[in-house]
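Coordinates in review
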Amino acid sequence: MTMNDNYAIKNNIVALRPMTVDDTKKVIGWRNSPEVMKRFLDRNPVTEEIHLNWIKNFVQKGKVVQFIICVGDEYATEIGSTYLRNIDDINKSAEFGIFISGDHIGKGYGFQVLNLVLQYATEIMKMRKISLRVLEDNLPAISTYKKCGFVQEDYYEEYNDEGINKKVLFFSYVIKQ
């Protein structure tokens, strides 16, 4: 992929381009990888049929905005996906999610992506609040969320992770208008 106008938003490290049906195989590969699956609340493998239904019923209907994360020279390396889901146009809110392939975890891309998504949510979507959920033991992600201005809510849910009870923490970012 060469540099073009297909990016929704970018900085000098990361570019986000809209996900398409053509990305199905790579998105499924990333989403079903052990590194990603262990951080997701829904651990069910994603099939091509499930992913195509996701695109048809959520992305194409505007309930989800999903991007492919591109890095490197001319943003030629695709490393994962990020999205805003549960988009509420009335209350101007959405829920953030991200998954990055194993070789690229821990390199600061999540921080860059989250800042771009917040910029996109503010400038393009005119959102006022972005929320997210994260397992309590995902400390690198929690650190990133806090660095970007997310605040932990006062409540949590219990989650059984293969026989171990964990908390699902809720964070929110209120966008200053």
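Structure's up top.
Now for a description of the structure that goes with this document. Please read these numbers as outputs of a predicted model, since none were measured by experiment.

**Considering the pairing of strand β5 (residues 93–100)**
Taken across its eight residues, β5 has seven buried, putting it largely inside the fold. Pairing analysis gives seven bridges linking strand β4 (residues 77–88) to β5, with the strands arranged antiparallel. The partner of G80 across the bridge, within β5, is I100. Following β4, the chain reverses through four residues before pairing antiparallel with β5; K92 in that reversal takes a positive phi of roughly 55 degrees. Sheet analysis places β5 next to strand β6 (residues 129–135), joined by three bridges and oriented parallel. If you follow A94 over to β6, its bridge partner there is I130. With respect to chirality, the unit in which β5 leads through helix α4 (residues 109–123) into the neighbouring parallel β6 is right-handed.

**A look at the side chain of K166**
Among the structural elements, K166 can be located in strand β8 (residues 164–174). Looking at K166, its side chain comes within polar contact range of the side chain of D161, at 2.7 Å. Leaving out residues up to four positions away in the same chain, K166 has contacts with E136, D137, E157, E158, Y159 and D161.

About the thresholds
Residues numbered from 1 in each chain as written. Predicted model: local features only at pLDDT ≥ 70, side-chain atom pairs only at ≥ 80, totals over all residues. Heavy atoms only, no water. Buried < 20%, exposed > 50% of the residue type's maximum accessible area, 1.4 Å probe, protein only. Helix = DSSP H or I, 4+ residues; strand = E, 2+ residues; numbered from the N terminus. Pairing = 2+ DSSP bridges. Right-handed = clockwise from strand over helix to strand, strands pointing away. Polar contact = N/O pair within 3.5 Å; in protein donor to acceptor, adjacent residues only side chain to side chain. Contact = heavy atoms within 4.5 Å.

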